[in-house]
Amino acid sequence: IGGDGMIAHLRGKLEDIQLDKDLLRLVVDVQGVGYEVITAKSNETFLQKGQAITLFIRESVTAFDGATTFYGFLTREEKQFFDRIRDKVEGMGPRKALECIEKINKSLPDFKRAVIDEDMRILESVFGFTKKTAEKFVYKINQYANPNASRILDLGAGLGIDAMIVAKLMSMRI
């Protein structure tokens, strides 16, 4: 338990769905209060005006003006993956992380397999990531999956060993 905001989920009636570039803006009515929630465009096929809906929420507050944005996810797993991308992959704010979720939603199992196998070709061609972003995913997500990764990387850096070499050795279980 714990997290970045007060609201963990919203349960209510889906009042409005608006396509805004590459994402969806939803309005969810919860006991007479309409909450605007941003979600991945790929969720559109699961959404219908008037339906009862539960969205798992991640709040984001901008540093510039203090505006609060709610990002909504249909499953806890999708929200957790969003959090992992936003928090662990360098240069990923909430909007960029949501764009990544949009791409990953094509096939989460295939994405996970490509990251584990370090298959840059699949990450670039199937999911549409740039080479640099694909490398960030492989490195950071695999590092996050190994609880000893930061200690091993620190040791490697202390010995003058490149972090990518250490990460590769870790993946080989050496």
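Basis of the calculations
Residues numbered from 1 in each chain as written. Predicted model: local features only at pLDDT ≥ 70, side-chain atom pairs only at ≥ 80, totals over all residues. Heavy atoms only, no water. Pairing = 2+ DSSP bridges. Helix = DSSP H or I, 4+ residues; strand = E, 2+ residues; numbered from the N terminus. Axes fitted to C-alpha atoms, helices over the stretch in contact; angles between N-to-C directions. Contact = heavy atoms within 4.5 Å. Polar contact = N/O pair within 3.5 Å; in protein donor to acceptor, adjacent residues only side chain to side chain. Salt bridge = Lys/Arg side-chain N within 4 Å of Asp/Glu carboxyl O. Buried < 20%, exposed > 50% of the residue type's maximum accessible area, 1.4 Å probe, protein only. Core = buried A, V, L, I, M, F, W, Y, C linked by side-chain atoms within 4.5 Å. Parallel < 35°, antiparallel > 145°, perpendicular 65-115°, else oblique. Left-handed = near helix turned anticlockwise from the far one by under 90°. Nonpolar A, V, L, I, M, F, W, Y, C, P; charged D, E, K, R; others polar.

A barrel is described by the order of its strands in space; here five strands give the closed sequence S1-S2-S3-S5-S4, paired in mixed fashion. Pairs of neighbouring strands in the sheet enclose a mean axial angle of 50°, with direction left out of account. In terms of strand pairing, strand S3 (residues 33–40) meets strand S5 (residues 68–73) through two bridges, oriented parallel. By the bridge assignment, valine 37 is partnered in S5 with phenylalanine 70. Together, strand S4 (52–61) and S5 form the strand contacts of helix H1 (residues 76–88), whose direction differs from that of S4 by roughly 15°. Contacting strand S2 (23–30), S3, S4 and S5, helix H2 (residues 94–104) crosses the sheet at an angle of about 60° to S3.

What follows deals with the side chain of arginine 86. Inspection of the secondary structure puts arginine 86 in helix H1. At 3.0 Å, the side chain of arginine 86 forms a polar contact with the side chain of aspartate 87.

In this section: the environment of leucine 14. Looking at the secondary structure, you find leucine 14 in strand S1 (residues 9–20). With residues near it in sequence (within four places) discarded, leucine 14 still touches Leu26, Val27, Val28, Leu47, Gln48, Lys49, Gly50, Gln51 and Ile53.

Tallied over the full model, the rule gives eight salt bridges. Between arginine 25 and aspartate 20 there is a salt bridge whose closest N-O contact spans 2.6 Å. Among the residues examined, arginine 25 registers a relative accessible area of 22% and is labelled partly exposed. Residue class for aspartate 20 comes out partly exposed when judged on its relative accessible area of 24%. Bridged by salt links that share partners, the residues Arg58, Asp83, Arg86 and Asp87 form one connected network.

Turning our eyes to something else, we now look at the nonpolar core. Core analysis: the biggest nonpolar cluster contains 26 residues, and Ile85, Leu98, Ile104, Phe111, Leu123, Phe129 and Phe137 have the highest contact counts within it. Breaking this core down by element, the ones donating at least two residues are S3, S5, H1, H2, helix H3 (108–116), helix H4 (120–125) and helix H5 (131–145). In this view, phenylalanine 129 contacts Cys100, Lys103, Ile104, Phe111, Leu123, Glu124, Ala134 and Phe137; residues no more than four positions away in its chain are not counted. Within the second largest apolar cluster, 12 residues are counted, among which are Leu10, Leu26, Val28 and Phe70.

Following both chains from N to C, one finds H1 and H2 inclined at 130°, their axes separated by 9 Å at the closest point. For the element pair H1 / H2, the angle class is oblique. Seen along the crossing, H1 lies across H2 with a hand that is right-handed. Packed against H1, whose contacting residues are Glu78, Phe81, Phe82, Ile85 and Arg86, the element H2 presents Pro94, Ala97, Leu98, Cys100, Ile101 and Ile104 at the interface. Each residue belonging to the contact of H1 with H2 can be placed in one class, and the counts come to nine nonpolar, no polar and two charged.

With that out of the way, let us pick up the pairing of S2. Inspection of the sheet shows S1 paired to S2 by seven bridges, in the antiparallel sense. For leucine 19, the partnering residue across the bridge sits in S2 and is leucine 24. In textbook terms, the turn of a hairpin is the stretch between consecutive antiparallel strands, and for S1 and S2 this stretch comprises two residues, one of which, lysine 21, has a positive phi near 60°. Pairing of S2 with S3, which is carried by eight bridges, proceeds in the antiparallel orientation. Opposite aspartate 29, over in S3, you have glycine 34 as the bridge partner.

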